[in-house]
Amino acid sequence: MSNNLCDIAVLGMAVMGKNLALNIADNDYKVAIYNRTTSKAIAAAEENPEQNLSLFVTLEELVANLKRPRKLLLMVKAGAAVDKLIESLLPLLDEGDIIMDGGNSHFQDTQRRFEELQQHGIQYLGVGVSGGEEGARRGPAIMPGGSKAAYDAVADIFEAISAKVNDNEACEAYMGSGGAGHYVKMVHNGIEYADMEIIAEIYSLLKANGYSNLEIADVFENWDKGDLSSYLSEITVDILREKDLENPEDDLLDDIESQVGADYRAVGADNESEFLLDHILDISEQKGTGKWTNQEGLELHVDLSILYSGLNARYMSAEKTLRVKASEILPAGVDAENALGKQNIDIEELGNAFLLARLIAYAQGFALYKSASKAYGWDLDYKSIAATFRGGCIIRSKLLVPIMEAYDKNPDLDNLLLADNFEAEISQGITALRKLVSTASLAGVAIPAFSSALAYYDSLRAARSQANMISAQRDYFGAHTYRRTDRDGVYHHEWNDETAE
Ligand code: 6PG
């Protein structure tokens, strides 16, 4: 009888759930599948008759057909749906059974569920999964957190289905207790926003300086052969080369004209372009994980300025109508001698600045891990996080190898930029970054992520900052006190008699 039981259940047959179920089944596990709307689960099973999938219509049947301890992977929309499903499952489960949440849940929800389920003897894992649809199907990066015993019971499945690098190193690792796994995934997404914005700024700057889409694609393709190699650069090359097949040129103008209306959508677009990218509206959406990362930076007092630039750029992008109006009102203040042109850009230097900005984005993300590890008592292993990111996930890049090495040498590194592994990247990148920020600024092109990267770098290396002035101002208007450089203790000065009253 027990031979017919399934190894694991996947609940939720939207694309990520379905692809993970198929990936697990590919690896010779018997997978029970369930979806609240049964037709979706039927479709998943029917489309893949050769797979080891068993469809169950009710939760009772599903639970009754699982090996013990039962392992249930929830792949439903983050938020209330997860709580609802857990509530329905709870009466059907026994002590020691394992519930896993593979969605992008907020780590505090995961922490709460972990603690609540502990009271019921149920083991809980919040599982960060990165790699999009394709990753889920062929090998994602997996970041589980929660009950260590539960992790040990499912580690073989995660290892089997995850992305592999260097022949057979699995991109999955236990991250820590409670919400640690979802936290690691959340910060991954914060870094993802920053790296995407850096790439978008390079595209925008090159375009403004007269490069065509195909030329920009070649630039990224060449960089991708070296230290700048990354998944996001790779897809950028494809995106830049993609033709707009949906909109054949003849119909293009009519089509655009009928869409524009009063909402300014097509203002600034290259309406005659043959490339799809030029017809994509310049408003980027988001589902929230990048925002959560920045909220955590505020909460734990960590400077995430480059990650925040990635988020802010999305907010500003949404203000299309306002931007179009402002473009007609606000002067650029650009001198003719700083006019745009290909002569402004040295591609090699731009690549060096790109690598340094990417490194700073990672440095900020990992600084947040360090503060969170302390604040939440997780004992995060930074080397292992970097190792997990090397394959399958959206921010996979060659830079993760020296990041791993840096944490291998010093697991308690204060800041990634201080690791001697990056001396070359920093010395080549910093002058290039300065030139890039000043070129763009003199030409009136916004590159907020690069500008934040430079400001972070210079703030970090300021042995004496301007904060003495802030302290003096606080003491002046509010008697908030200050500390001195030459003596211990807390001081207040009567700055002048009028305000002292
Ligand atoms: C991943 C991605 C994924 C995320 C999308 C969209 O690692 O596979 O991070 O989890 O949902 O990238 O995120 P936004 O909608 O916030 O851009």
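For the structure, see preceding data.
Cut-offs and rules
- Residues numbered from 1 in each chain as written.
- Predicted model: local features only at pLDDT ≥ 70, side-chain atom pairs only at ≥ 80, totals over all residues.
- Heavy atoms only, no water.
- Helix = DSSP H or I, 4+ residues; strand = E, 2+ residues; numbered from the N terminus.
- Rg over C-alpha atoms; globule rule 2.2 N^0.38 Å.
- Buried < 20%, exposed > 50% of the residue type's maximum accessible area, 1.4 Å probe, protein only.
- Contact = heavy atoms within 4.5 Å.
- Areas by Shrake-Rupley, 256 points an atom, 1.4 Å probe, with all protein chains shown as cover.
- Polar contact = N/O pair within 3.5 Å; in protein donor to acceptor, adjacent residues only side chain to side chain.
- Patch = residues over 30% accessible without salt bridge, like charges linked within 9 Å, V, L, I, M, F, W, Y side chains within 5 Å.
- Salt bridge = Lys/Arg side-chain N within 4 Å of Asp/Glu carboxyl O.
- Near = heavy atom within 4 Å.
- Nonpolar A, V, L, I, M, F, W, Y, C, P; charged D, E, K, R; others polar.
- Phe/Tyr/Trp six-rings, centres within 6.5 Å; stacked < 30°, edge-to-face > 60°.
- Lys NZ or Arg CZ within 6 Å of the ring centre and 35° of its normal.
- Axes fitted to C-alpha atoms, helices over the stretch in contact; angles between N-to-C directions.
- Parallel < 35°, antiparallel > 145°, perpendicular 65-115°, else oblique.
- Core = buried A, V, L, I, M, F, W, Y, C linked by side-chain atoms within 4.5 Å.

Brief notes about the overall build of the protein chain
The secondary structure content of the protein chain amounts to 21 helices and 11 strands. Computed over its C-alpha atoms, the radius of gyration of the protein chain comes to 26 Å, within 12% of the 23 Å expected for a compact globule of 501 residues. Judged by the C-alpha coordinates and their principal axes, the protein chain covers about 80 × 75 × 45 Å. The 501 residues of the protein chain split such that 48% are buried. Sequence separation of at least 24 residues holds for 67% of the intrachain contacts in the protein chain that already meet a minimum separation of 6. Looking at the protein chain as shown, the accessible area adds up to about 24,600 Å², and 49% of this sits on carbon and sulfur atoms.

Some points on the side chain of His188
Among the structural elements, His188 can be located in helix α8 (residues 180-208). Polar contacts involving the side chain of His188 include one to the side chain of Ser130, which spans 3.2 Å.

Here's the deal with a nonpolar patch on the surface
Judged by side-chain polarity, Tyr476, Phe477 and Trp495 come together as a nonpolar surface patch covering roughly 340 Å² of accessible area. Looking at the secondary structure, you find Trp495 in the loop between β11 (490-491) and α21 (497-500). Take Trp495: its relative accessible area is 34%, and that puts it in the partly exposed class.

Details of helix α17 (residues 400-409)
Every buried residue of α17 is listed here: Leu400, Pro402, Ile403, Met404, Ala406 and Tyr407. On its buried face, α17 sits against α15 (347-376) and α16 (382-389).

Here we look at the site of the ligand
The local shell around the ligand holds 15 residues, among which Ser130, Lys185, Glu192, Tyr193 and Arg314 are the closest. A distance of 2.9 Å separates an oxygen atom of the ligand from a polar side-chain atom of Asn189. In this structure, Arg314 approaches the ligand through a side-chain N or O atom, which is 2.8 Å from an oxygen atom. Its free accessible area being 410 Å², the ligand has 81% of it covered by the protein chains. Residues belonging to the shell around the ligand are distributed by class as follows: two nonpolar, nine polar and four charged.

Remarks on the packing of aromatic side chains
This model, assessed by the stated rule, comprises 17 aromatic pairs. Residues Tyr183 and Trp378 carry aromatic rings whose centres are separated by 5.1 Å and whose planes lie at 65° to one another, so their mutual orientation is edge-to-face. On the criterion of sequence distance, the pair formed by Tyr183 in helix α8 and Trp378 in the loop between α15 and α16 is long-range, its members being 195 residues apart. When sorted by exposure, Tyr183 lands in the same class as Trp378, which is buried. Joined through ring pairs, the aromatic side chains of Phe107, Tyr183, Tyr376 and Trp378 make up one cluster. A cation over an aromatic ring shows up here: Lys148 above the ring of Tyr174, its NZ or CZ 5.7 Å from the ring centre.

Points about the environment of Ile98
In this fold, Ile98 is placed in strand β5 (residues 98-101). Classification of Ile98 by relative accessible area gives buried; the value is 0%. For the pair Ile98 and Ala153, spaced 55 residues apart in sequence, the C-alpha to C-alpha distance is 8.8 Å.

Let's talk about the packing of α8 against helix α12 (residues 289-300)
Packing of α8 against α12 leaves a shortest axis separation of 8 Å and a crossing angle of 105°. Judged by the angle between their axes, α8 and α12 are roughly perpendicular. From α8, Tyr183, Met186, Val187, Asn189, Gly190 and Tyr193 reach across to α12, where they touch Thr289, Gly290, Trp292, Thr293, Glu296 and Leu300. Its residues assigned to classes, the contact of α8 with α12 comprises six nonpolar, five polar and one charged.

What to know about the nonpolar core
Counting 91 residues, the largest nonpolar core has Tyr183, Ile306, Phe366, Tyr369, Ile403, Leu416 and Phe450 as its most contacted members. Here the element with the most residues in this core is α15; it accounts for 16 residues. Counting residues in hydrophobic clusters, the runner-up holds 30 residues, among them Ile8, Met75, Ala136 and Ile157.

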